[in-house]
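# Secondary and tertiary structure notes
Listed here are the chains, written in short residue letters.
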Amino acid sequence: MNPDFLPAIGSSLRSLCGFLDRHDVDDQALTELAAEIERARTAVAGARATRRANRCTQHPTGPVDPTAPNGCLFCGAAHRRPARPIPEGVDPATVLQLLDEHGEAAAIQTYGAQAVTRAAYLRGRSATTEQRYGAPVPDTEGDN
């Protein structure tokens, strides 16, 4: 039995008990009841299956690491891996200049993602998807 599905089963059963209090039975109520019964059946089928080796929702069939918080080797390795350090003596203005002239990929390759993020933050904006793909960024500094 896979106990991971017990909360879902309990929730479905509580919801099904709520239908006892209803005194009106119409097509809408029967549709909701059928959907809840199907959710309960799916949860029971999942509980009958074998338990996953790890508790990771991103990598449910991934390898097991008993030292990781969720038992997943992939997530545990990413959690233990230290971030790339920001190079010493890197001026954020230099990073921003390279970022503006050659783009984000070149700046990250040269200085690392943390240095680029730090420089963009110090500029007063974050590196968002819209900025990467050329959407205009409003200049609000001179509006005072």
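A few points on the structure. Predicted, not measured: the structure shown is a model, and the values here were computed from it. (Residues numbered from 1 in each chain as written. Predicted model: local features only at pLDDT ≥ 70, side-chain atom pairs only at ≥ 80, totals over all residues. Heavy atoms only, no water.)

## Some details on the pattern of salt bridges
Formally: For salt bridges, the criterion is a side-chain nitrogen of Lys or Arg within 4 Å of an Asp or Glu carboxyl oxygen. In DSSP terms, a helix is any run of H or I states spanning at least four residues, a strand is any run of E spanning at least two, and both are numbered starting from the N terminus. Classification of residues uses two cut-offs on accessible area relative to the type maximum, computed with a 1.4 Å probe and protein chains only: under 20% is buried, over 50% is exposed, and between them is partly exposed.
Counted under the stated rule, the structure contains one salt bridge. Ionic pairing is found between glutamate 36 and arginine 39, a salt bridge with its closest N-O pair at 2.6 Å. With glutamate 36 and arginine 39 both in helix α2 (residues 27-48) and three residues apart, this pair spans about one turn of that helix. Judged by relative accessible area, which is 8%, glutamate 36 ranks as buried.

## A look at helix α6 (residues 113-123)
Defined as follows: By arc we mean the arc of the directions from the helix axis to the C-beta atoms, nothing more. Note on contacts: a residue pair qualifies if any of its non-hydrogen atoms lie within 4.5 Å across the two residues.
Here α6 has its buried residues at Ala115, Val116, Ala119 and Ala120. Angular distribution of buried residues about the axis of α6 spans 130 degrees; they occupy a single face of the element. Exposed residues pointing more than 90 degrees away from the buried face of α6 are listed as Tyr121 and Leu122. Residues of α6 that are buried make contact with α4 (92-102) and α5 (104-111). Glycine 124 sits one or two residues past α6 and shows a positive phi near 105 degrees.

## Quick look at the environment of cysteine 75
Following the sequence through the fold, cysteine 75 ends up in helix α3 (residues 73-80). Expressed as a C-alpha distance, the spacing of cysteine 75 and aspartate 65, which sit 10 residues apart in the sequence, is 9.1 Å. Beyond its immediate chain neighbours, meaning those up to four positions away, cysteine 75 contacts Cys56, Gln58, His59 and Asn70.

## Some points on the side chain of aspartate 65
Inclusion rule: Two N or O atoms form a polar contact when they lie within 3.5 Å of each other; inside protein one atom must be a possible hydrogen donor and the other a possible acceptor, and for residues adjacent in sequence the pair counts only when both atoms belong to side chains.
Mapped onto the elements, aspartate 65 comes out in the loop between α2 and α3. Within the local environment of aspartate 65, its side chain forms a polar contact with the side chain of threonine 67, the two groups lying 2.8 Å apart.

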